[in-house]
Number of protein chains: 2
Amino acid sequence: MLDRHSALGNAPDAASHGSATMTVPESVSLWAPLEIRIDGPSHGNPFIDVELDAVFTRGGADVRVGGFYDGDGIYVIRALADAEGAWTFETRSTAPSLDGLTGTVVVGSPAENAHGPVRVDGFHFRHADGIRHRPLGTTAYAWTHQPDELQEQTLATLAESPFTKLRMCVFPKSYLYNTNEPTDFPFPGSLADGFDLERFDPAHFRRLEKSIVTLADLGVEADLILFHPYDRWGFADLGPAVDERYLRYLVRRLSGFANVWWSMANEYDLVSAKDTAEWERLAAIVGEEDSFGHLNSIHNCIPFYDYSAPWITHVSIQRVDVYRTAENTDEWRERWGKPVVIDECAYEGDIDQGWGNITGEEMVRRFWEGAVRGGYVGHGETYLPAALGRDDETLWWSKGGELHGTSPDRIRFLDQLLAEAPDGVWNPLPGDWDVPWGGVAGRTLIGYFGFNRPRFRIVLLGEGEWAIDVIDTWGMTVERVPGTHPEGSVRVELPGRQFMAIRATRIDQATT
Amino acid sequence: MLDRHSALGNAPDAASHGSATMTVPESVSLWAPLEIRIDGPSHGNPFIDVELDAVFTRGGADVRVGGFYDGDGIYVIRALADAEGAWTFETRSTAPSLDGLTGTVVVGSPAENAHGPVRVDGFHFRHADGIRHRPLGTTAYAWTHQPDELQEQTLATLAESPFTKLRMCVFPKSYLYNTNEPTDFPFPGSLADGFDLERFDPAHFRRLEKSIVTLADLGVEADLILFHPYDRWGFADLGPAVDERYLRYLVRRLSGFANVWWSMANEYDLVSAKDTAEWERLAAIVGEEDSFGHLNSIHNCIPFYDYSAPWITHVSIQRVDVYRTAENTDEWRERWGKPVVIDECAYEGDIDQGWGNITGEEMVRRFWEGAVRGGYVGHGETYLPAALGRDDETLWWSKGGELHGTSPDRIRFLDQLLAEAPDGVWNPLPGDWDVPWGGVAGRTLIGYFGFNRPRFRIVLLGEGEWAIDVIDTWGMTVERVPGTHPEGSVRVELPGRQFMAIRATRIDQATT
């Protein structure tokens, strides 16, 4: 216990109160979990029998944080240290020994590379400390349900990748190429023996938390999918009471981690046991238990959820047309007034399913079509192991492992270009009918040609003096056109290849 | 004059009637023009002053055919010989010397390779003799307005091409890469001196007719565009009276040629001088003057015309979405209940304009996306002459000349596969969400993978015994999977490349 705490904060202070022993860190760094651990009753079923929370006061504001039972008589209250200064708290519980405990924790300056949870910033995102976040996401739904060695490989791959967000399921996945049985589950039990839905498996959750912390170290947001339909264990239809208990437990455990996003469901419309009213109820439960405003959305198979719902922070779309998805990004921004993340536009790969056999070129094209329209497209990879000389079922999109595709390098290149824009984002700009233009009006204009391949283009420049770059989004080159260019039209020579872009950057103004 | 007639029929019979001398062929072959030429008054303005028509009786049915003034005192009545047997006629005219002339022409068996005008056959087309027509079209809008040498090159190129339909304008074209001035026009005059809109230039029309006859010899339908907006001569806004006179003159001259299709306009919505009521009026005039039921349609820039209008025989669409057009073919069949021809889906080339810089691969993909959904996509080519080492403005899409692209060979390959289907056509079949299937239900099933590139696919076969082919639509290969396959599912191995198709052909039934 002391070891664990020392990883989270400094110099834990163990205090005794009645029959309970409480461990409180003296200080934690900003954006770290602020965790109070209390020895309490272990008789009966503490998961259900005991209610516990704490009210923290920091900077004059109160925040309620629900506690959870971590097994072996240990109760935990885990806040996200989202403000510097002294935090005082007082516990409340149905168990007298856990009730009325008080203490103080000092929240100090953030650790290096800790920027806090991601917040919505107009049609884009920033970390709580103001640092820009661009969700260049990938997908490995069931990576935490795989053997340790494979999980380590996944993390090593992510460390080398350009991705800053990972879609991952809390529940295990039963689907094509997903037939292996996990060793443990959110609930104690097994497929063969059944599950005890009145208890949770704290060790399972501790492993999930460790994965989330490791992702944070890699600068990757954990986009946690709370429900999904790919199920052989019954987790897609636990019933309203268990769903609620599961959500409260999960959110209390995880909302103390800065890099957590909620996704209420993957393909919500395929979860036949839940209707819209139920999704709204469940989302409200997440909102109740999450005192730290993590992002939340919900992902469709076919019909879009109503993304105007107040609890939805951003649009999380799956392709609904085989041919045209990212090309709708700007329309969807207008429609819902929220950031647009196209979490699934199909995956780079070569499997038999139409959602998993596009080329790297097509994947990158979709990323760019979304980017110049001011949104964010997500990645996934589904190469057949057999064609790679393996006899396993390890496809990145679900189990993680290695990446084999050609798109990630180009996604990194795209991100570098985004980072070069003022404010680090592109918004859609008035375009040509055939070429979408994005960037920052009057400052940086990016026109993307996609599958078209002109040998030249007339570009109309506004007031000022401009530099022009010809960008090969696939070849990952930026070539500066000689000279500078005043207001008016300029003919830009292009190589007659697909996947080119033109960038015009105003150079007679200081960058703010 | 005799020479000209001998090209159209046999043994012309010159009869004198009052002051008029009439030349009537003794016989013509089925599907040829049946032409009566009469010497008549040349004073005043015969284009306006003289009305002339003839009522033909053949097989107990009457057909009225309007005549036209061909200059030099010659009046012509040109029917399309659409039924074998004896045709009798009697002329009617406001000029007494042209009125009440009678005669008989025998229509004999068709010339080799003459199949008659193309008619609608459900969602497809047939020649009047029942032979299947598949409109694999291309575009050379202004080819007849170019120098003779270039026109000859265009015809030589067409002779080697797979195309069976050519979109071409009656009026010359003023547009990008179309700045050269034609030597003559439908009306006498010039841009510098103005045009006499109360007369026509018969020599200009005779050259057009010669082009149409030459196309017929090549097995190419002339898809004649009657109005268009690309104009510097005033032809896009002649006013209602001149429009009407022009249409009556044109249709009377040309409806005797079996391989003529009418297209009321290209980009009708850009012809600002005409509204829908006016298009309806003009289409009615074409219908009045065309006694032989040539196909007629109208082509959009942005808003579709209402293709349910009774005079419209088939849908003639221009791409309205940069990303998705041919993929809508089956929906458009349902919407309008007529054959769908996507006459412009963009052109293979590399110019700066988004309508003219797709790759050969993308062009062929669009042809296939339309074909498996039971429709017909059209071709055009816009390679920059400079990039081909030339300093002219000759782009195939408008002026004709040579083809340089990679799509025509693959379009021929597609046509060969269509020809192999029972009845020579594909219709849309119940598909997978990600793969469109077309063909003939229970007989020939073609699934097209487009830009997706699976390494295998499970195909569900219905009753019977089937052969399976793996088709590389770009590589132009058909590989038979060994063995035959009974009802049920079969796994078909694919190469993991784009642009593949699978064809399943039922082999335990005789082809009807």
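Look a little higher up for the structure.
What comes next concerns the included structure. Here the structure is a predicted model, which is why all the values come from computation and not from measurement.

1. Observations concerning the relation of the copies chain A and chain B
You can overlay chain A on chain B at an RMSD of 0.0 Å; the transform is a turn of 180 degrees with a shift of 0.0 Å along its axis. Overall, the copies show the geometry of a two-fold rotation axis. Mapped onto chain B, 100% of the interface residues of chain A are again interface residues, and the two copies thus contact each other with one and the same surface.

2. Digging into helix 7 (residues 329–336) of chain B
All names here are of chain B. For helix 7, the set of buried residues is T329, D330, W332 and R333. Axial view of helix 7: buried residues confined to an arc of 160 degrees, hence all on one face. Opposite the packed face of helix 7, turned more than 90 degrees from it, sit the exposed residues E331 and E334. Those residues of helix 7 hidden inside the fold are in contact with strand 20 (315–318), strand 21 (340–344), helix 8 (360–371) and strand 25 (427–429). Directly after helix 7, the chain includes G337, whose backbone phi takes a positive value near 65 degrees.

3. Description of the sheet that holds strand 11 (residues 124–127) of chain A
Residue and element names in this part refer to chain A. Pairing within the open sheet is antiparallel, and its three strands lie in the order 10-11-12. If you trace the sheet from one side to the other, it starts and ends with strand 10 (118–121) and strand 12 (132–133), each paired once. One ladder, built from two bridges, connects strand 11 with strand 12; its direction is antiparallel. Paired with R126 across the strands is R132, a residue of strand 12.

4. A look at the pairing of strand 31 (residues 500–506) of chain B
Along any regular strand, the residues point their side chains to alternate faces of the sheet. Residue and element names in this part refer to chain B. With respect to burial, strand 31 is a largely interior element, seven of its seven residues being buried. Residues M500, I502, A504 and R506 of strand 31 are buried on one face, and the alternating residues A501, R503 and T505, pointing to the opposite face, are buried as well. Across five bridges, the pairing between strand 27 (residues 444–448) and strand 31 is antiparallel. Pairing of L445 across the sheet is with A504, part of strand 31. In this structure, strand 28 (residues 456–472) lies alongside strand 31, joined through seven bridges in antiparallel fashion. Of the residues in strand 31, the one forming a bridge with D472 is M500.

5. Details of the packing of helix 8 of chain B against helix 10 (residues 407–420) of chain B
All names here are of chain B. The geometry of helix 8 relative to helix 10 is characterised by a closest axis approach of 9 Å and an angle of 20 degrees between their N-to-C directions. The angle between the axes of helix 8 and helix 10 places the two elements in the roughly parallel class. The element helix 8 and its partner helix 10 pack so that their crossing is right-handed. When helix 8 is examined against helix 10, the residues G360, M363, V364, F367, W368 and A371 are found in contact with a partner set consisting of S407, R410, I411, L414 and L418. Of the residues assigned to the contact of helix 8 with helix 10, the class counts are eight nonpolar, two polar and one charged.

6. Structural notes on unusual backbone geometry
Most peptide bonds adopt trans geometry, and most residues besides glycine take a negative phi value. Of note, A:N113 is a non-glycine position whose phi angle comes to about 70 degrees, a positive value. Within the secondary structure, A:N113 is located in the loop between strand 9 (102–108) and strand 10. Residue classification places A:N113 among the exposed positions, given that 11 C-beta atoms sit within 10 Å. For B:F499, which is not glycine, the phi dihedral falls at a positive 70 degrees. You can see B:F499 is positioned in the loop between strand 30 (485–493) and strand 31. Using a count of 21 C-beta atoms within 10 Å as the deciding quantity, one classes B:F499 as buried.

7. So, the interface of chain A and chain B
A common measure of how large an interface is: the accessible area buried when the components associate. Across the contact, 27 residues belong to chain A and 27 residues belong to chain B. Its residues assigned to classes, the side of chain A that touches chain B comprises twelve nonpolar, six polar and nine charged.

8. A few points about the sheet that holds strand 18 (residues 260–263) of chain B
Read from one edge of the open sheet, five strands run 13-14-17-18-19 (chain B), paired in parallel fashion. Edge positions in the sheet fall to strand 13 (137–139) and strand 19 (296–297) of chain B, since each has one partner strand and no second.

9. Digging into helix 6 (residues 276–289) of chain A
Residue and element names in this part refer to chain A. Under the 1.5 Å per step criterion, the end-to-end length of helix 6 is 20 Å for 14 residues, consistent within 8% with the ideal 20 Å. For helix 6, the set of buried residues is W279, L282, A283 and E289. Seen along its axis, helix 6 keeps its buried residues to an arc of 125 degrees; they face one direction. Structural note: helix 6 exposes A277 and A284 on the side pointing more than 90 degrees away from its buried face. On its buried face, helix 6 sits against strand 6 (61–69), helix 5 (240–254), strand 18 (260–265) and strand 19 (296–297).

Conventions adopted
Residues numbered from 1 in each chain as written. Chains lettered and ligands numbered in written order. Predicted model: local features only at pLDDT ≥ 70, side-chain atom pairs only at ≥ 80, totals over all residues. Least-squares fit on C-alpha atoms with pLDDT ≥ 70 in both. Contact = placed C-beta atoms within 7 Å. Buried ≥ 20, exposed ≤ 12 C-beta atoms within 10 Å, placed from the backbone. Helix = DSSP H or I, 4+ residues; strand = E, 2+ residues; numbered from the N terminus. Arc of directions from axis to C-beta. Pairing = 2+ DSSP bridges. Axes fitted to C-alpha atoms, helices over the stretch in contact; angles between N-to-C directions. Parallel < 35°, antiparallel > 145°, perpendicular 65-115°, else oblique. Left-handed = near helix turned anticlockwise from the far one by under 90°. Nonpolar A, V, L, I, M, F, W, Y, C, P; charged D, E, K, R; others polar. Expected span 1.5 Å × (residues − 1).

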